[in-house]
Structure formats: C-alpha cells, structure tokens
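In case you want the letters, here they are:
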Amino acid sequence: MGRCPGSSTRPVSDLSPAAQEQLAHFVRPPNRLATLAVRGLVRALMAMGARGRAGTAAAVGKLTYGLGIRRAVTEDNLRQAYPDWDAAEIRRVARAAYVNMARAVLDGITSPELTDAQAAPLLLDGPGAEAFFEAARSGKGAVFATAHFGSWELLGDLLLRRG
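1. With respect to the environment of Ala 54
In step 1: Within the secondary structure, Ala 54 is located in helix α2 (residues 32-67).
In step 2: A residue is classified by how much of its surface remains accessible, and Ala 54, at 29% relative accessible area, is partly exposed.
In step 3: In this structure, the C-alpha to C-alpha distance between Ala 54 and Asp 107, residues 53 residues apart in sequence, is 9.4 Å.

2. Notes on a nonpolar patch on the surface
In step 1: On the surface, a nonpolar cluster with roughly 320 Å² of combined accessible area is contributed by Leu 63, Leu 67 and Ile 69.
In step 2: By secondary structure assignment, the location of Ile 69 is in the loop between α2 and α3 (71-81).
In step 3: Taking the relative accessible area as the measure of exposure, Ile 69 reaches 46% and is therefore partly exposed.

3. A short note on the layout of surface pockets
In step 1: Its boundaries defined by the atoms lining it, the second largest pocket holds a volume of some 270 Å³.
In step 2: Along the wall of the second largest pocket there are 14 residues; nearest its centre are Ala 50, Arg 53, Asp 107, Leu 122 and Leu 154.
In step 3: Listed by contribution, the elements that provide at least two residues to the lining of the second largest pocket are α2 and α4 (87-110).
In step 4: When grouped by side-chain class, the residues that make up the lining of the second largest pocket number seven nonpolar, four polar and three charged.

4. Remarks on the packing of aromatic side chains
In step 1: As enumerated under the stated definition, the model contains three aromatic pairs in all.
In step 2: Taking 5.5 Å as the distance between ring centres and 80° as the angle between the ring planes, the aromatic pair formed by Tyr 65 and Tyr 98 counts as edge-to-face. Separated by 33 residues along the polypeptide, Tyr 65 in helix α2 and Tyr 98 in helix α4 bring together distant segments of the chain. Across the pair, exposure class does not vary: Tyr 65 and Tyr 98 are buried alike.
In step 3: Here the aromatic rings of Tyr 82 and Trp 85 are separated by 4.0 Å at their centres, their planes lie at 5°, and the arrangement is stacked.
In step 4: Judged by relative accessible area, which is 26%, Trp 85 ranks as partly exposed.
In step 5: Here the basic side chain of Arg 71 rests over the ring of Tyr 65, its NZ or CZ set 5.2 Å away from the ring centre.

5. Some thoughts on the nonpolar core
In step 1: Membership of the largest hydrophobic core is limited to six residues, which are Val 42, Met 46, Leu 114, Ala 119, Leu 154 and Leu 158.
In step 2: Those elements giving two or more residues to this core turn out to be α2 and α7 (152-162).
In step 3: Beyond its immediate sequence surroundings of up to four residues, Ala 119 is in contact with Leu 158 and Arg 161.
In step 4: Core analysis: the second largest hydrophobic core is formed by five residues, Tyr 65, Leu 78, Ala 94 and Tyr 98 among them.

6. Describing α3
In step 1: For α3, the full list of buried residues reads Thr 74, Glu 75 and Leu 78. Seen end-on, α3 carries its buried residues on one side only, within an arc spanning 90°. α3 presents Ala 72 and Gln 80 as exposed residues on the side facing more than 90 degrees away from its buried surface.
In step 2: Buried positions along α3 lie against α2 and α4.

Reading guide: rules and limits
Residue indices begin from 1 for each chain and proceed along its sequence in written order. For this predicted model, a pLDDT threshold of at least 70 governs which residues receive local features, and a threshold of 80 or more governs which side-chain atom pairs are given and counted, while totals over whole chains, interfaces and linings are taken from all residues. For the side-chain quantities, the full set of heavy atoms in the structure was used; hydrogens and water were omitted. Each helix is a run of H or I in the DSSP string that is no shorter than four residues. Each strand is a run of E no shorter than two, and both are numbered from the N terminus. Only protein chains enter the accessibility calculation, which uses a 1.4 Å probe; a residue is then buried when its area is under 20% of its type maximum, exposed when over 50%, and partly exposed in between. Patch definition: residues above 30% relative accessible area lacking any salt bridge, with like charges linked at up to 9 Å and the nonpolar side chains Val, Leu, Ile, Met, Phe, Trp and Tyr linked at up to 5 Å. Surface exposure here means Shrake-Rupley accessible area, sampled with a 1.4 Å probe, where a residue is shielded only by the protein chains that are shown. Salt bridges are defined by distance alone: a side-chain nitrogen of Lys or Arg within 4 Å of a carboxyl oxygen of Asp or Glu. A 1.4 Å probe that fits but cannot get out identifies a cavity on a 1 Å grid over protein atoms alone, an open set with protein on both sides within 12 Å along at least five of seven lines counts as a pocket, and a residue lines either if it has an atom within 4 Å of a point. Grid points are joined across faces, edges and corners, and a volume is the space filled by probe spheres set on the points. Residues are grouped as follows: Ala, Val, Leu, Ile, Met, Phe, Trp, Tyr, Cys and Pro are nonpolar; Asp, Glu, Lys and Arg are charged; all remaining types, including Gly, are polar. Within 6.5 Å between ring centres, the rings of Phe, Tyr and Trp (the latter by its six-membered ring) count as paired, and their orientation is classed by plane angle as stacked under 30 degrees, edge-to-face over 60, tilted in between. Placement of a positive charge over a ring is assigned whenever Lys NZ or Arg CZ falls within 6 Å of the ring centre and within 35 degrees of the normal to the ring plane. Definition used in this section: a nonpolar core is a set of buried Ala, Val, Leu, Ile, Met, Phe, Trp, Tyr and Cys residues joined via side-chain atoms within 4.5 Å. Whether two residues are in contact is decided by their heavy atoms, any of which lying within 4.5 Å being enough. Here the arc refers to the directions that run from the helix axis out to each C-beta atom.

Encoded structure:
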C-alpha cells in the first residue's frame, strides 16, 4: 500500500484499518483533476530546489500578509504579547511570521519527496543527538524537547530518516 506520508520507513500497512482509512481520506484529493494538480504542484516545488522554495515561501507569505488575511489578529496578538513594541516592529515580526508559516507549509508538502541525499544536510546533529537516538532505538522511548526553531514540519521526517 506504500509508505506513510513523511516517512521513509513505516509502511501504511502497519497502521490500524481505521488509521489507514483516515489517512487515505486525508492524503487523497477527492477527484482525478485535483490529484493531478497536487502532483504537479509538488513536482514544481521540488524542481525549484531549496532556494526556490524559500523564495516562493517568502513571496507567498508577504502576499498573504499584504492581502490582510488574519493580519489584524496576528498584529493584535503581537501587541498584547509585546506592548512595548512600536507599530513598525509589530508589522515586521507579523510579516516574518507569515513567511515562516508559508515555509512550513511548503516543507510539509515537499519533505516526503526529499531524497536521502537532499535530506542529509538537514539531519539532526549536535550535543546530545546521539544519546537521544540511542535512547529512542532502545525501545524504551525518548523525549525530545526543543524550542520552536527551524522547520517543525520537516522535523518528523528527519527524525524518521535518522532512525
């Protein structure tokens, strides 16, 4: 039946029948035209490369902010969280949040399509990484706590690839 989206290792057949049905409904567009459109979009995004996707995310995020989609809510939330920020700083951070969200969406769409070679530079490393993966492989579980830095959409795929 294939692999779970975002997973290079776990077959969909490992899921319960109910989970397989939910996944099938979620990942399969409702008709052939929609399926072809989604596949075309993913291929186009992959053909852009990482820099092209980052540029596209920046353009989409800025456009969405410019169109005012939930902009008032975003800016109001920032004003409440940071009452000492001036209007220019609120707008700058809000615009950056829109760009970051667009990047996360594109990462979520494209991460299952990354080859291992494309994912290799993104794989988790650093102090404590090997201890975490060793604990995770032990079968007893492991807790991964991190600040919300980088692409959280890519995190699950990278964790699965690393083992």
